[in-house]
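# Fold and contact review
Residue strings, one per chain:
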Amino acid sequence: MTTPRHPRVLSGVQPTGALHLGNYLGALVKFTRLQHEMETFIFVADLHAITQWQDPKLLKSQVREIAAAYLAAGLDPKIATIFPQSAVPEHAELAWVFNCVARLGWLDRMTQFKDKAGKHKERESVGLYTYPVLQAADILIYKATHVPVGEDQKQHLELTRDIAQKFNHDFDVPDFFPQPEAVIEGPGARIMSLRDGTSKMSKSDPSDYSRINLTDDADAILQKVRKARTDPEPLPETLEELKARPEAQNLVGIYAALDGRTSADVLTEFAGVGFGTFKPRLADLAVAKLGPVGEAMRRYMSDPAEIDRILTAGAARAREVAAPTLAEVKSIVGYWAG
Ligand code: AQP
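What this report covers is the structure whose coordinates are included nearby.

Parameters and conventions
- Residues numbered from 1 in each chain as written.
- Predicted model: local features only at pLDDT ≥ 70, side-chain atom pairs only at ≥ 80, totals over all residues.
- Heavy atoms only, no water.
- Helix = DSSP H or I, 4+ residues; strand = E, 2+ residues; numbered from the N terminus.
- Expected span 1.5 Å × (residues − 1).
- Buried < 20%, exposed > 50% of the residue type's maximum accessible area, 1.4 Å probe, protein only.
- Arc of directions from axis to C-beta.
- Near = heavy atom within 4 Å.
- Polar contact = N/O pair within 3.5 Å; in protein donor to acceptor, adjacent residues only side chain to side chain.
- Areas by Shrake-Rupley, 256 points an atom, 1.4 Å probe, with all protein chains shown as cover.
- Nonpolar A, V, L, I, M, F, W, Y, C, P; charged D, E, K, R; others polar.
- Salt bridge = Lys/Arg side-chain N within 4 Å of Asp/Glu carboxyl O.

## Notes on helix 8 (residues 154–170)
When the terminal C-alpha atoms of helix 8 are compared, their 24 Å separation across 17 residues agrees well with the 24 Å that a helix rising 1.5 Å per residue should span. Within the span of helix 8, buried status applies to His-156, Leu-157, Leu-159, Thr-160, Ile-163, Ala-164, Phe-167 and Asn-168. Angularly, the buried residues of helix 8 cover 170° about the axis, an arc narrow enough to put them on a single face. Asp-172 sits one or two residues past helix 8 and shows a positive phi near 55°.

## Things to note about the site of the ligand
By nearness alone, 22 residues border the ligand, and His-20, Asp-152, Lys-200, Ser-202 and Ser-204 come closest of all. Contact between the ligand and Asn-23: an oxygen atom at 3.1 Å from a side-chain N or O atom of the residue. Residue Asp-152 places a side-chain N or O atom 2.5 Å away from an oxygen atom belonging to the ligand. Compared with its free state, where it exposes 650 Å², the ligand has 95% of that area covered by protein. The class makeup of the residues in the shell around the ligand is 7 nonpolar, 10 polar and 5 charged.

## A look at the pattern of salt bridges
Here the structure, examined in full by the defined rule, presents 24 salt bridges. Residues Arg-317 and Glu-39 are paired through a salt bridge, measuring 2.6 Å at the closest nitrogen-oxygen approach. Highlighted residues: Arg-317 in helix 14 (residues 304–333) and Glu-39 in strand 2 (residues 39–44), separated in sequence by 278 residues. Of the residues examined, Arg-317 reaches a relative accessible area of 30% and is grouped as partly exposed. Asp-231 is the partner of Arg-245 in a salt bridge, and the nearest nitrogen-oxygen pair spans 2.7 Å. Separated by 14 residues along the polypeptide, Arg-245 in the loop between helix 10 (239–242) and helix 11 (246–259) and Asp-231 in the loop between helix 9 (218–227) and helix 10 bring together distant segments of the chain. Relative accessible area serves as the criterion here: at 13%, Arg-245 is assigned to the buried category. For Asp-231, a relative accessible area of 21% corresponds to the partly exposed category. Here the residues in one salt-bridge network are Asp-259, Arg-261, Asp-265, Glu-269 and Arg-281, joined through shared partners.

Below, the structure is given as structure tokens:
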């Protein structure tokens, strides 16, 4: 009953539609980097996806598409474990225990539920409400220590830490679950809509011009960057001056994240330059970085049998780690079958 001796990464993406630049920079790029530093488990979150309606005829191919995006972004199934969440039932079983550990007051504070449910929360699924509890189970079933996510997931990660701590305390098993850390840093952590620098780039935004999809071709990327909302001022010298200009700040952040630099560094290069010059440079960079990812995605998608083989092998490996944790939890809780 100890925390793992080595750091372990866990994260996932929902198969709820085409992935965009925010998912890529906020999540996929970090997965790919971390797989070389720590043992890495990356899943396709199909249990989470059905918290909102998904067409059953499409769900499997949506799962394959996310897996293809992972592979195209550089996740290597020889190093990282890639699997569909629904193929590892231990996630859902642990989530039930955590439903009994988490407090209603904690869930009532979750802003993502409030944002997604809007004014009609009574019409939403119970699953959408308890989504962060399942997320805690996703992470802690592997006793993961590092969780690469975009900034929008910060609050859910804090809830995971609270659940881990309360479980360890209530059942008097100090250190059974670790306190996982969110890996959020860098300019890619919060990519905003190209139409509104104050809202997050999102799959569910009705305007396709608000986001760059990983499958967009060069022409679409050029168009979207060209039409991105900006202001008439040239780029300033300092980050401080950029703060009051959310659209400009976003485009600088995107440039920095795509180029593996800081926003301050980008300003050093482009201070005094107008968007008429900056936007074509950004579009070229986006095409150069995302073009090969989209192409690789299409290549992987043309061989679904290979994706299925990778996902099946990944699920078997994931269960090797998840099953012993669940067995210990059952015994700790005092289950008949524990
Ligand atoms: N705009 C973003 N900037 C940086 N990171 C982002 N992520 C999402 N949007 C941004 C990160 O992508 C990972 C996968 O997210 P998800 O599958 O849980 O989907 P989501 O957060 O629900 O993505 P969307 O696009 O915002 O979908 P909708 O519109 O359905 O809500 C996570 O690590 C997330 O932080």
